Number of protein chains: 2
Amino acid sequence: MTTQCTQCQARNSPLCSVFTDTEIAALFNLAHVRRIEAGAYLLHEEDPVRQVYNISSGALALERLASNGAKQIMAFCYAGDFIGISSGPSYSVSARALKSLTACQWQETDLQSLYKQYPKLETRVHEITARVVEAIMDQLFVLGSKKSVEKIAWFLLFIETKQARIDGASKSFNMPMTRVDIADYLGLTVETVSRAFTQLRINKLISITDKWTITVEDRKALTALGGYATPALGRKG
Amino acid sequence: MTTQCTQCQARNSPLCSVFTDTEIAALFNLAHVRRIEAGAYLLHEEDPVRQVYNISSGALALERLASNGAKQIMAFCYAGDFIGISSGPSYSVSARALKSLTACQWQETDLQSLYKQYPKLETRVHEITARVVEAIMDQLFVLGSKKSVEKIAWFLLFIETKQARIDGASKSFNMPMTRVDIADYLGLTVETVSRAFTQLRINKLISITDKWTITVEDRKALTALGGYATPALGRKG
DNA sequence: CGCCTACTTGAGTCGAGTCAAGAACCGTGG
DNA sequence: CCACGGTTCTTGACTCGACTCAAGTAGGCG
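Residues numbered from 1 in each chain as written. Chains lettered and ligands numbered in written order. Predicted model: local features only at pLDDT ≥ 70, side-chain atom pairs only at ≥ 80, totals over all residues. Heavy atoms only, no water.

A. Inspection of the relation of the copies chain B and chain A at higher detail. The two copies are related by a screw motion: chain B maps onto chain A through a turn of 180° and a shift of 0.0 Å along the axis, at an RMSD of 0.0 Å. Both chain copies can therefore be described as sitting about a two-fold axis. Most of the interface of chain B is mirrored in chain A: 90% of its interface residues are interface residues there too. (Least-squares fit on C-alpha atoms with pLDDT ≥ 70 in both. Contact = heavy atoms within 4.5 Å.)

B. Seen up close, the packing of aromatic side chains. Residue and element names in this part refer to chain A. Applying the stated criterion to the full structure yields 12 aromatic pairs over all chains. On the numbers, 5.2 Å between centres and 80° between planes, the contact of Phe-19 with Tyr-118 is edge-to-face. One end of the pair, Phe-19, is in the segment before helix 1 (21–30); the other, Tyr-118, is in the loop between helix 2 (108–117) and helix 3 (119–145), and 99 residues separate them in sequence. On the accessibility criterion, Phe-19 (4% relative accessible area) is buried. (Phe/Tyr/Trp six-rings, centres within 6.5 Å; stacked < 30°, edge-to-face > 60°. Helix = DSSP H or I, 4+ residues; strand = E, 2+ residues; numbered from the N terminus. Buried < 20%, exposed > 50% of the residue type's maximum accessible area, 1.4 Å probe, protein only.)

C. Focus on the pattern of salt bridges. All names here are of chain B. Throughout the structure, instances matching the rule amount to 20 salt bridges over all chains. The partner of Asp-81 in a salt bridge is Lys-162, and the shortest N-O contact between them spans 3.7 Å. On the criterion of sequence distance, the pair formed by Asp-81 in the loop between strand 4 (71–78) and strand 5 (82–83) and Lys-162 in helix 4 (residues 148–167) is long-range, its members being 81 residues apart. Between Glu-160 and Arg-219 there is a salt bridge, and its shortest N-O distance comes to 2.9 Å. Of this pair, Glu-160 sits in helix 4 while Arg-219 sits in helix 7 (residues 219–226); the two residues are 59 residues apart in sequence, bridging distant segments of the chain. (Salt bridge = Lys/Arg side-chain N within 4 Å of Asp/Glu carboxyl O.)

D. Layout of the interface of chain B and chain A. Of the residues lining the interface, 40 residues belong to chain B; the matching set on chain A comes to 40 residues. Carbon and sulfur atoms make up 68% of the area that chain B and chain A hide from each other, which totals about 3,400 Å². A per-residue breakdown of the area chain B buries against chain A is headed by His-126, Leu-140 and Phe-141 of chain B, which together make up 20% of the total. For the interface between chain B and chain A, the tally reads two salt bridges. Note that Arg-64 of chain B is salt-bridged to Asp-138 of chain A, the shortest N-O span being 2.5 Å. Here chain B and chain A share six residue pairs in polar contact (both at pLDDT 80 or more) between them. (Buried area = accessible area lost by both parts, 1.4 Å probe. Polar contact = N/O pair within 3.5 Å; in protein donor to acceptor, adjacent residues only side chain to side chain.)

E. Geometry of the pairing of strand 9 (residues 213–216) of chain A. Residue and element names in this part refer to chain A. Burial along strand 9 is two-sided: Thr-213 and Thr-215 and Ile-214 and Val-216, pointing in opposite directions, are all buried. Across three bridges, the pairing between strand 7 (residues 172–174) and strand 9 is antiparallel. Counted as the bridge partner of Asn-174 is Thr-213 from strand 9. Across three bridges, strand 8 (residues 206–208) lies against strand 9 in antiparallel orientation. Looking at the pairing, Ser-207 lines up with Thr-215 of strand 9. (Pairing = 2+ DSSP bridges.)

Following this line, the structure appears as structure tokens:
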């Protein structure tokens, strides 16, 4: 199908958007489409780096496991996110699907030769990596300085923004991750996450339809709490 | 002076090591050498990105300030570290010198044209950025899952490794940062950091000569605590 | 010598973790 | 359709570790 990419949710993603329709068809010919069930792993942290991926649909969590059982989630990724780049011999995170997922898979060696053919690709991948640094620094900032309710407030606004990029802006939004995932992302326990949700609900900052559908009722208060877009400087909102 | 670079502490850094002596002389001609006093800022987070830097000597902290006064240190950088790459219009961190510092400064526009002249440079900068991601993820993991004493144990082993790359391996090592800096790096308070140091000293895992000179006395126990190799010893027994 | 800053130590409080129980939700199979 | 078991989420009671406030010590520098 030559129309594969034109209909893809990731067509306007940072990676794919640099290519013309002709170019991306060639790129797609090199790709293998991977489908993963919810809960399954696309890749493991100890795997040798041989493939890279661009997510077409679904969502996943990048996580790292400690030997004592502790888990830290490094990022939640959506359609259009590019993963698999690493500086070492192995990915240093595992990628677990939150919802059933499809992704374009390229051989890492193919990516290297594509760099030669399309120099703008290497530049773009470079930009993507730099953006990852920003995102992860935001997370670091939140983990280091905020209290539990503030963390949740920040998290909700953060996910709402990500989700809006997929579904479009709307009054309420849907989260693909469980309370445990949220806890592992923010360095909290499930109980604390649950209590923070309850507190925000009782104080009428948000309302919760089913467990994964959130409506922001008092954006001003929530923003004040979460300090979203308030890390002192004027970065784009 | 054609011998400038050959004597530089950063000659074998990730950035400079890809170049021959002839090439690096040309690179150095484009550079401006910046000198910064301890406590002064090399760049501010809100500055537009116009220059990039490779540290020749000294040490600095990359930090972000919140409007409420909270501060999060994102990284400690030493000779050989390359900084200034950003995905946005502004650096998203400030760089404060911990000890008097010298760094090679290039115009960001010059870097772009150097990419064309030396494709291996762009690849290397890309690798450096990817390594930054790994480092920040390590920090994220520590912030999210460890207790204060474990954080300090991890931190000491971490800094020892970094310091050894500059001074060479040795029984004891020197830290350029204050207790407040350590607290801001690990998401703790000064008092908690101080108590953790005391606890490690009393339990004879480390000894402290002057406030910034640390000797590791019981590496096995410290490693077990910090989780550099083995899981943290559980206090939940 | 005295001032200033950084660090240490102590006492008390509070927030988040732990342990435990119960409620809501889900898929499965009768 | 409902009963059932497993999972996820919520809520409660309690504990403990890190923060806060406050005082005191050690160096560095005039």
